[in-house]
Amino acid sequence: MSREQLQSASENLRTASEAADGTIQRTLYEQSNDIAELAARNQEINQGQINERLGNLQTLIETIEDTDNISADVTDHVDQAKSDLATLRGDSDMSDHWLYRI
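Definitions and cut-offs
Residues numbered from 1 in each chain as written. Predicted model: local features only at pLDDT ≥ 70, side-chain atom pairs only at ≥ 80, totals over all residues. Heavy atoms only, no water. Helix = DSSP H or I, 4+ residues; strand = E, 2+ residues; numbered from the N terminus. Buried < 20%, exposed > 50% of the residue type's maximum accessible area, 1.4 Å probe, protein only. Contact = heavy atoms within 4.5 Å. pLDDT = per-residue confidence, 0-100. Axes fitted to C-alpha atoms, helices over the stretch in contact; angles between N-to-C directions. Parallel < 35°, antiparallel > 145°, perpendicular 65-115°, else oblique. Left-handed = near helix turned anticlockwise from the far one by under 90°. Nonpolar A, V, L, I, M, F, W, Y, C, P; charged D, E, K, R; others polar.

**Some points on the environment of Gly-90**
Of note, Gly-90 is situated in the segment after helix H4 (72-89). Take Gly-90: its relative accessible area is 54%, and that puts it in the exposed class. Separated by 43 residues in the primary sequence, Gly-90 and Gln-47 place their C-alpha atoms 9.3 Å from one another.

**Some remarks on the side chain of Arg-53**
With respect to the secondary-structure elements, Arg-53 resides in helix H3 (residues 47-65). Setting aside chain neighbours within four positions, we find Arg-53 in contact with Asp-34, Ile-35, Leu-38, Arg-41 and Leu-85.

**Concerning the confidence of the model for the chain**
For the chain, per-residue confidence averages 86 on the pLDDT scale, and residues scoring 70 or more make up 87% of the total. Predicted confidence is poor over residues 92-102, with pLDDT under 50, and the contacts of this stretch with residues over four places away or in other chains come to 18 contacts.

**Structural notes on the packing of helix H1 (residues 2-19) against H4**
The geometry of H1 relative to H4 is characterised by a closest axis approach of 8 Å and an angle of 165° between their N-to-C directions. Comparing the axis directions of H1 and H4 gives the class roughly antiparallel. Relative to H4, H1 is oriented so that their crossing is left-handed. Between H1 and H4, the residues in contact are Ser-2, Gln-5, Leu-6, Ser-8, Ala-9, Asn-12, Leu-13, Thr-15, Ala-16 and Ala-19 and Asp-73, Val-74, His-77, Val-78, Gln-80, Ala-81, Asp-84, Leu-85, Thr-87 and Leu-88, respectively. Its residues placed into classes, the contact of H1 with H4 shows ten nonpolar, eight polar and two charged.

In structure tokens, the structure reads:
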């Protein structure tokens, strides 16, 4: 299950990168690759690895929030990637969900 959620998060970030441009596009693509590599490893995925990726994603989300003209497609896919990672971490309460803070 965790590998599938990591793959889903990676795919969502890749799709978001295709709808973005500039630095955000590159960062989304890099984070997509990082998560895909984590999913492909033949080792147990630990909480610290998930927390690190969520932290990186949160930093990117804050950048997106401060950027004009970001399409809803980008935010929707980033939101889904965050949800996938949060589920892996075991979050059941998404009240701190970034779209609700905008």
